[in-house]
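Listed below are the residues making up each chain.
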2 protein chains.
Amino acid sequence: MTKTAPKGPPSALELLRSQSLTTLVKQELERRILAGDILPGDKLNEADVAAELRVSRGPVREAFRALEQAGLVRTEKNRGVFVRQVSLAEADEIYEVRAGLDELIGRLAAERATPADIAELRELVGQMRQAGQAQDVDAYYPLNIRFHDRLAQLAGNGTLLAAYRRLINELHLYRRRTLARGQDAFPTSTSQHAEIVEALAARDATLAGELLYQHAVKSRSRLHEALEREDNLPPPALVREVSIP
Amino acid sequence: MTKTAPKGPPSALELLRSQSLTTLVKQELERRILAGDILPGDKLNEADVAAELRVSRGPVREAFRALEQAGLVRTEKNRGVFVRQVSLAEADEIYEVRAGLDELIGRLAAERATPADIAELRELVGQMRQAGQAQDVDAYYPLNIRFHDRLAQLAGNGTLLAAYRRLINELHLYRRRTLARGQDAFPTSTSQHAEIVEALAARDATLAGELLYQHAVKSRSRLHEALEREDNLPPPALVREVSIP
DNA sequence: GCTTTGTAGATTGTCAACAATCTGCAACAT
DNA sequence: ATGTTGCAGATTGTTGACAATCTACAAAGC
């Protein structure tokens, strides 16, 4: 070594050494969108964002393109970028794909999960049961997210994990939009979670996949019920589609 | 209407009216990468690309960020962007996910395909059989791509279609890299394709899903054979992983 | 001979200015 | 009163210039 020893935490200088401003801006906007600080439909003004983050418009625009490709914002030429609004129909599509991925996750996780992983999952299920009994939705919701994300990690496939997280992010947008984050939020499925973990512990890949698939389908069913309900109240056409050529 | 009638084809002016330069640059680069004009590992120089496409570096950089998020290029800070190299291990991951998506595609397509769709698929299978008998790989390969993409469209789920196409693009990068585009290329599976179409025609969702899953798994097996072969020739560790936090 | 240091060129990261487009409102004509 | 036309302000799209960083090669020191 030459002269100076590195400080303890990753210093701000060290961070700027490896990350570009574009990346930082993207991460910050992504965080705000997923946290609900910025709501679906909101307009993101280049100059305002740049001013608030103390950078010029260049990095902001680059971050916008990345977020667009990630499905978090939508761009209208000469009009600006808006936080994406996920319609009910789109959310339905996403749930459908999520069910397929979850089935795969179940199969793979059953083969690859270690006893320590199983123990961790059981612990999570325990916490969820507790939050469920207390009807504490604010505690239950993030636990549910963590549980399923952990499963996706255990599948041991980075591509699968990335695809899964992308879908979860988009579903997050749907919940933010409707304010009714009630789909996966309500603790109706504590026993299902326990069953899933036991299937993993028994190394039963087919069963674990089947259970996770059904679990996702059930969430989708709750969405459909919401769809029915909503179809009666407002003028029936608020759903707009984005076509992929 | 006010004064002028629109011309026949979409004029260049009309095109620039709706598309930004960033979008055009992105599409052009995507085309070149997938067509093999630019190979995995190649460096993309901002100034060169900008000069060749007659734009400034701004739109080029924005296009780079979009392509990065799309998984087609990789960026190293202060060093530039490179066409992504998909390793064998990554290709293996992608095949695994693709199998899961294909299973879902089969289930959904079986429910939603019209008789006209079935006829179109039968026509495609016929052409593939023909190219297969003639051992014409250059004709067979794009037909195979078209067949599976058509299936993905028939599933009637835009989210699923987008996810599927992204994986196919990444697999394309793997094939470009190894020059051995032999995985799905060789016409070993003409009969499988016919079976799939018949399952769709019979509206047997479970069977169609199962057949497509097995079809993808078989492609993956051929990849594993290639993996075994390659493991013996070069020093055993050329595979690098990208970790997702 | 090998390592280290320094410098030159090229390339990327960032910024500020300019041009084009859109939105809203007011003035005008019908 | 209604619809059209024409600005004025604001916002996005694009460009060129400047600053920071990296790579490569050559010179100096051990």
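Structure: see above.
Residues numbered from 1 in each chain as written. Chains lettered and ligands numbered in written order. Predicted model: local features only at pLDDT ≥ 70, side-chain atom pairs only at ≥ 80, totals over all residues. Heavy atoms only, no water.

A. Geometry of the overall build of chain A. Within chain A, the regular secondary structure consists of 10 helices and 3 strands. The order of helices and strands in chain A, counted from the N terminus, is α-α-β-α-α-β-β-α-α-α-α-α-α. Within chain A, the proportion of its 245 residues that are buried is 46%. In chain A, the share of contacts with a sequence separation of at least 24, taken over all contacts with a separation of at least 6, comes to 74%. Total accessible area on chain A is roughly 12,600 Å²; 53% of this is exposed by carbon and sulfur atoms. (Helix = DSSP H or I, 4+ residues; strand = E, 2+ residues; numbered from the N terminus. Buried < 20%, exposed > 50% of the residue type's maximum accessible area, 1.4 Å probe, protein only. Contact = heavy atoms within 4.5 Å. Areas by Shrake-Rupley, 256 points an atom, 1.4 Å probe, with all protein chains shown as cover.)

B. The packing of helix α2 (residues 21-35) of chain A against helix α3 (residues 46-53) of chain A, seen in detail. Residue and element names in this part refer to chain A. It is the contact of α2 with α3, at a shortest axis distance of 12 Å, that shows an interaxial angle of 105°. Viewed along their axes, α2 and α3 adopt a mutual orientation that is roughly perpendicular. When α2 is examined against α3, the residues Val25, Glu28, Leu29 and Arg32 are found in contact with a partner set consisting of Val49, Glu52 and Leu53. Split by residue class, the contact of α2 with α3 holds 4 nonpolar, no polar and 3 charged. (Axes fitted to C-alpha atoms, helices over the stretch in contact; angles between N-to-C directions. Parallel < 35°, antiparallel > 145°, perpendicular 65-115°, else oblique. Nonpolar A, V, L, I, M, F, W, Y, C, P; charged D, E, K, R; others polar.)

C. Structural view of the interface of chain A and chain B. Taken together, the contacts link 38 residues of chain A with 37 residues of chain B. A combined buried area of about 3,000 Å² lies between chain A and chain B, and 53% of that area is made up of carbon and sulfur atoms. Those elements giving two or more residues to the side of chain A that touches chain B turn out to be α1 (12-18), α2, α4 (57-69), α5 (88-112) and α8 (158-178) of chain A. When residues in the side of chain A that touches chain B are grouped by element, the largest group, 12 residues, is from α5(A). (Buried area = accessible area lost by both parts, 1.4 Å probe.)

D. The arrangement of the protein's contact with DNA strand C in detail. By nearness alone, 20 residues border DNA strand C, and A:Leu21, A:Ser56, A:Arg79, B:Lys43 and B:Arg61 come closest of all. For DNA strand C, the backbone portion of the atoms within 4 Å of the protein, that is sugar and phosphate, comes to 76%. Between a phosphate oxygen of DNA strand C and a main-chain N or O atom of A:Ser56, the distance comes to 2.9 Å. Separating a phosphate oxygen of DNA strand C from a backbone N or O atom of B:Asn78 is a distance of 3.3 Å. When contributions to the surface near DNA strand C are tallied by element, the ones reaching two or more residues are α4 of chain A together with β1 (43-44) and α4 (57-69) of chain B. No other element matches α4(B), which puts 3 residues into the surface near DNA strand C. (Near = heavy atom within 4 Å. Polar contact = N/O pair within 3.5 Å; in protein donor to acceptor, adjacent residues only side chain to side chain.)

E. Highlighting the relation of the copies chain A and chain B. Here chain A sits on chain B after a turn of 180° about the axis and a move of 0.0 Å along it, with an RMSD of 0.0 Å. As the rotation angle and translation indicate, the two copies are arranged about a two-fold axis. Interface overlap between copies is the fraction of interface residues in one copy that are interface residues in the other; for chain A against chain B it reaches 97%, indicating a shared surface. (Least-squares fit on C-alpha atoms with pLDDT ≥ 70 in both.)

F. Region of interest: the pairing of strand β2 (residues 73-76) of chain B. All names here are of chain B. As defined by bridge partners, β2 adjoins strand β3 (residues 80-83) across 4 bridges and the pair is classed as antiparallel. Within β3, the position partnered with Glu76 by the bridge is Gly80. Remark: 3 residues form the turn of the hairpin made by β2 and β3, two consecutive strands paired antiparallel; Asn78 in that turn has positive phi of roughly 65°. (Pairing = 2+ DSSP bridges.)

G. Looking closely at the side chain of A:Thr159. Among the secondary structure elements, A:Thr159 is positioned in helix α8. Since its relative accessible area comes to 15%, A:Thr159 is described here as buried. Those residues in contact with A:Thr159 that sit more than four places away from it in its chain are B:Glu90, B:Glu93, B:Ile94, B:Val97 and B:Leu167.

H. Quick look at the pairing of β3(B). The pairing of β1(B) with β3(B) spans 2 bridges and is classified as antiparallel. Following the sheet pairing, B:Leu44 is matched in β3(B) by B:Val81.

I. Layout of the protein's contact with DNA strand D. The full set close to DNA strand D counts 21 residues, and A:Lys43, A:Arg57, A:Arg61, B:Leu21 and B:Arg79 are the nearest of them. At the protein interface, 76% of the atoms of DNA strand D within 4 Å belong to sugar or phosphate. Interatomic distance of 2.7 Å between a side-chain N/O atom of A:Arg61 and a phosphate oxygen of DNA strand D. Measuring from a sugar or linking oxygen of DNA strand D, one finds a side-chain N or O atom of B:Asn78 at 3.2 Å. The set of elements that each furnish at least two residues to the surface near DNA strand D consists of β1 (43-44) and α4 of chain A together with α4 of chain B. Residues that form the surface near DNA strand D fall into these classes: 4 nonpolar, 7 polar and 10 charged.

J. Broad picture of the sheet that holds β1(A). Residues and elements named next belong to chain A. One open sheet accounts for 3 strands, arranged β1-β3-β2; its pairing is antiparallel. Looking at which strands have only one partner, the edges of the open sheet turn out to be β1 and β2 (73-76). Against the sheet, α4 makes contact with β1, β2 and β3 (80-83), and its axis sits at roughly 115° relative to β2, the strand it touches most.

K. Fine view of the pattern of salt bridges. All names here are of chain A. Enumeration according to the criterion identifies 44 salt bridges over all chains in this entry. Note that Arg61 and Glu46 form a salt bridge whose closest N and O atoms lie 2.7 Å from each other. Residue Arg61 is located in helix α4, and its partner Glu46 is located in helix α3; the two are separated by 15 residues in the primary sequence. Given the relative accessible area of 25%, Arg61 is considered partly exposed. You can call Glu46 buried: its relative accessible area is 18%. (Salt bridge = Lys/Arg side-chain N within 4 Å of Asp/Glu carboxyl O.)

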